[in-house]
Every structure is written in C-alpha cells, then in structure tokens.
Amino acid sequence: MSEDNISYLSEKRKEKAQKILENLGFEDLKPKDIALVEALIFSSKKKLPRSVIKEITSFSEEKLERVIIYLEQKYQGGEFGIQLKEYNDSYLFQTKKEFAREIEQLFDITKVSSLSTASMETLAIIAYRQPVTRSEIEEIRGVSVERTLTTLSKYELIEEVGRKETIGNPIIYGTTDQFLEYLDIEDLAELPEIERVEKLFAAEIEEAAEEAAEKKELEAEQETN
C-alpha cells in the first residue's frame, strides 16, 4: 500500500493513516483478522458500528484502526468497484461513484430524486443549529416548513431527537447518519464553513428565480401567440 492511496480520505483520517504508516505499518496484521473484519462489514445489512466489530473480534482499538485503514486503502485500488466508507464510527461497503450510471441501468432507475432549494435550506439550518425546533427553523426561513420537514424525514436525513423543555415541549430535530452519507462526510465536524453554504444557497436561489422568470416569460409569449 502506498501513501498515495490515502489521498481520498478526510484530513482527520489521513492524519491517522499517516501515523499508522509511519509508526506501525500493516506487516504484522494477520490475513485472517483482516478478512474477519471485511466479512463482518460486508455481511451487515446496515452501517456496522465500530463498537460491534470490537465486541465480536475482541480486537484492541489500535489493531481495529489499522485493519480499517488497511481495508480503506485496499479498496481504493482501480481493480475494485466498491469502497469502504465511514460515517460516525460506523462502516459499510459502497459502490464507487464512477459506476453510478451503469448501476442505475441495472436497477432501471430512470430518475434520481434531488432535494429542492427549500429542503436544502431547511436541512442546512438543522445541520448547523441542531438540536432545533420547527418554530426556530421557521423564524430563520420566514415560511412554514411543515411539509419540508416531512420530506426530509421521509428521506431519513433528519429525525426527532427529543423535546425541548419549554412551553408546549416542541419536538427538536437533528440530522441522521443518512445525512452524513448524503454529503459523503464522516461526521458533523467535517461540515463546510457556514459562509460557504450560505453562498451556495444564494446562488441556487438566484438560479431558481431566473428559471422561474424565464418560464413566466415563455408562458406569456405562448398566450400571446
């Protein structure tokens, strides 16, 4: 395994991997131990928590970390169509993005759903201010978000995480592991700076407004004709 193979990892993960390469390496890892962790993650129907892997294997934290990094590097090779991903100290195998079109053909996926600008704005508010109530979100956005929250919940990007200890005990919302997977980040610490997100949404809103104006103009021309 070369050091180039860890370039795809987050900065936090790259630092961990670099220390492993410099201090311990992988030479003393037993193939059977690597295969065991690989089999456990592959067999799991959902993301497999690190704690569960440790409980089953009885590996030390350091040994499990080395095995995980080894597998992450291994599956970055061009001969593999899958990769090992980490979300909130849980692991799963995913197909690589470059094969998305062919996989969509395999499952006859003709339309890939995407979130609306309104949903993305609401999701960003929850991500950066969680835990947060519906009324707090509406105060920021200035519009009702009831339907938007339903949509985000349907996609399992947000969830109810409790109730706020105030009048009425309103529900408070937070993001899910599915949200991390949606953004392809390991944990919330890897969220981009809020200023970058605000600029992104500003551009999307402007683009949506331009499209709406063009559509309205086209409809007016058609009515005239």
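Residues numbered from 1 in each chain as written. Predicted model: local features only at pLDDT ≥ 70, side-chain atom pairs only at ≥ 80, totals over all residues. Heavy atoms only, no water.

A. Looking closely at the pattern of salt bridges. Counting across every chain of the model gives 13 salt bridges. As a salt-bridge pair, R66 and E62 come within 2.9 Å of each other at their nearest N and O atoms. Taken together, the residues span about one helical turn, with R66 and E62 both in helix α4 (residues 61-74) at a distance of four residues. The class of R66 is buried, set by a relative accessible area of 5%. Its relative accessible area of 35% is what places E62 among the partly exposed residues. A single salt-bridge network, built from bridges that share partners, covers R50, K54, E61 and E65. (Salt bridge = Lys/Arg side-chain N within 4 Å of Asp/Glu carboxyl O. Helix = DSSP H or I, 4+ residues; strand = E, 2+ residues; numbered from the N terminus. Buried < 20%, exposed > 50% of the residue type's maximum accessible area, 1.4 Å probe, protein only.)

B. The arrangement of the pairing of strand β2 (residues 82-87) in detail. The buried count for β2 comes to five of six residues, which makes it a mostly enclosed element. In this structure, β2 lies alongside strand β3 (residues 90-95), joined through six bridges in antiparallel fashion. When the bridges of β3 are listed, I82 appears paired with T95. With antiparallel pairing between neighbouring strands as the criterion, β2 and β3 make up a hairpin whose turn holds two residues, including N88 at a positive phi of roughly 55°. (Pairing = 2+ DSSP bridges.)

C. Region of the structure containing the side chain of Q94. For Q94, the position within the fold is in strand β3. Classification of Q94 as buried rests on a relative accessible area of 17%. A polar atom in the side chain of Q94 sits 2.9 Å from the side chain of E181. (Polar contact = N/O pair within 3.5 Å; in protein donor to acceptor, adjacent residues only side chain to side chain.)

D. Up close: unusual backbone geometry. Note the cis peptide between Q130 and P131, where omega equals 0°. Structurally, the position occupied by P131 is in the loop between α6 (117-129) and β4 (132-133). Positive phi values are uncommon outside glycine, yet N88 reaches one of about 55°. For N88, the location among the structural elements is in the loop between β2 and β3. For N88, a relative accessible area of 41% translates into the label partly exposed. Even without glycine at this site, E156 takes up a positive phi of about 60°. Summarising the element assignment, E156 is placed in the loop between α8 (146-154) and β5 (158-163). Accessibility expressed as a relative area gives 51% for E156, which makes it exposed.

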